[in-house]
Amino acid sequence: PRRRTGAYFVDVASFEAVALPLLSPSSSVDVYCVDEIGRMELHSDLFRAAILRLLHGGHRIVGALAAPIYGHRVPLVDEVAARSDVAVVPLKASSRAAAAERMWGVVEASMGAP
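Conventions adopted
Residues numbered from 1 in each chain as written. Predicted model: local features only at pLDDT ≥ 70, side-chain atom pairs only at ≥ 80, totals over all residues. Heavy atoms only, no water. Core = buried A, V, L, I, M, F, W, Y, C linked by side-chain atoms within 4.5 Å. Buried < 20%, exposed > 50% of the residue type's maximum accessible area, 1.4 Å probe, protein only. Helix = DSSP H or I, 4+ residues; strand = E, 2+ residues; numbered from the N terminus. Contact = heavy atoms within 4.5 Å. Salt bridge = Lys/Arg side-chain N within 4 Å of Asp/Glu carboxyl O. Arc of directions from axis to C-beta. pLDDT = per-residue confidence, 0-100. Pairing = 2+ DSSP bridges. 1 Å grid on protein atoms, 1.4 Å probe; cavity = no way out; pocket = protein on both sides within 12 Å on 5 of 7 lines; lining within 4 Å. Points joined across faces, edges and corners; volume = space filled by probe spheres on them. Nonpolar A, V, L, I, M, F, W, Y, C, P; charged D, E, K, R; others polar. Axes fitted to C-alpha atoms, helices over the stretch in contact; angles between N-to-C directions. Parallel < 35°, antiparallel > 145°, perpendicular 65-115°, else oblique. Left-handed = near helix turned anticlockwise from the far one by under 90°.

Explanation requested: the nonpolar core in the structure shown.
Buried together is how nonpolar side chains tend to be arranged in soluble globular proteins. Leu 23, Val 34, Ile 37, Phe 47, Ile 51, Leu 76 and Val 77 are the most contacted members of the largest nonpolar core, which has 15 residues in total. Secondary-structure elements contributing two or more residues to this core are strand 3 (31-37), helix 2 (45-56) and helix 3 (75-81). Not counting the four nearest positions on each side in its chain, Ile 51 is found in contact with Leu 23, Val 34, Ile 37 and Ile 61.

This is the structure we're talking about:
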């Protein structure tokens, strides 16, 4: 089914067919890259479960968290951001380069890099 978020539609079945196999816990994956945990993605309960399974399993994830819009918060985003094992790096166009460096440093530190 297609679900609507603002002006956009999400084909949940197609999204799940692409995303979920890539979010299966694996010892051969060092870091999972998730484009965004946001409103459109959360039309999929299976996506939500996959993200939480990775986090609860101690797997590293680099990705974007949806920002609140017009005061509307995304509960899963708040839950992820509040975790003690999550580093949130604010991202704006004006600070993109510095944010990228900081994110890379967080990933390296989590992997025990010097």
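Before we go on, may I ask you to explain the environment of Leu 55 in this structure?
Along the chain, Leu 55 falls in helix 2. Of the residues examined, Leu 55 reaches a relative accessible area of 9% and is grouped as buried. Excluding anything up to four places from it in sequence, Leu 55 contacts Ile 61, Val 80, Arg 83, Asp 85 and Val 86.

Can you walk me through the pattern of salt bridges in this structure?
A side chain with one charge may pair with a side chain of the opposite charge, provided their charged atoms come close. Tallying each qualifying case throughout the model produces 3 salt bridges. For the salt bridge of Asp 78 with Arg 73, the shortest nitrogen-to-oxygen distance reads 2.9 Å. Here Asp 85 and Arg 83 are joined by a salt bridge, their closest N and O atoms 2.8 Å apart.

Is there a simple way to explain helix 1 (residues 12-22) in this structure?
The α-helix winds at 3.6 residues per turn, so residues separated by three or four positions along the chain end up facing the same way. Considered for burial, the residues of helix 1 that qualify are Val 12, Glu 16 and Ala 19. Down the axis of helix 1, the buried side of the element spans an arc of 95°, and every buried residue falls inside it. Seen from the open side of helix 1, the exposed residues pointing more than 90 degrees away from its buried face are Ala 17, Val 18, Pro 21 and Leu 22. Buried positions along helix 1 lie against strand 1 (2-5), strand 2 (8-11) and helix 2.

Mind showing me how you'd approach the confidence of the model for the protein here?
Summarising the model, the protein shows a mean pLDDT of 88, and 98% of its residues fall at 70 or more. The weakest mean pLDDT in the protein belongs to strand 1 at 84; the strongest belongs to helix 1 at 95.

Mind showing me how you'd approach the pairing of strand 1 here?
Within a regular strand, the side chains alternate between the two sheet faces. Across 4 bridges, strand 1 lies against strand 2 in antiparallel orientation. By the bridge assignment for strand 2, Arg 2 is matched with Asp 11. Connecting the antiparallel pair strand 1 and strand 2 is a turn made up of 2 residues, with Gly 6 showing a positive phi of about 60°.

Help me understand the layout of surface pockets in this model?
When its volume is computed, the largest pocket comes out at roughly 950 Å³. Taken together, 36 residues form the lining of the largest pocket, with Ile 61, Gly 63, Val 86, Ala 87 and Val 88 sitting closest to its centre. Class assignment of the residues belonging to the lining of the largest pocket gives a composition of 25 nonpolar, 5 polar and 6 charged. Of the pockets and cavities examined, the second largest pocket occupies roughly 190 Å³.

I keep staring at the packing of helix 1 against helix 2 and nothing clicks. Help me out?
The angle between the axes and the distance between the axes are what describe a pair of packed helices. At a minimum axis separation of 10 Å, helix 1 and helix 2 run at an interaxial angle of 15°. What the angle tells us is that helix 1 and helix 2 run roughly parallel. The chirality of how helix 1 crosses helix 2 is left-handed. Contacts between helix 1 and helix 2 pair Phe 15, Glu 16 and Leu 20 from the former with Asp 45, Leu 46, Phe 47 and Ala 50 from the latter. Here the contact of helix 1 with helix 2 is built from residues that sort into 5 nonpolar, no polar and 2 charged.

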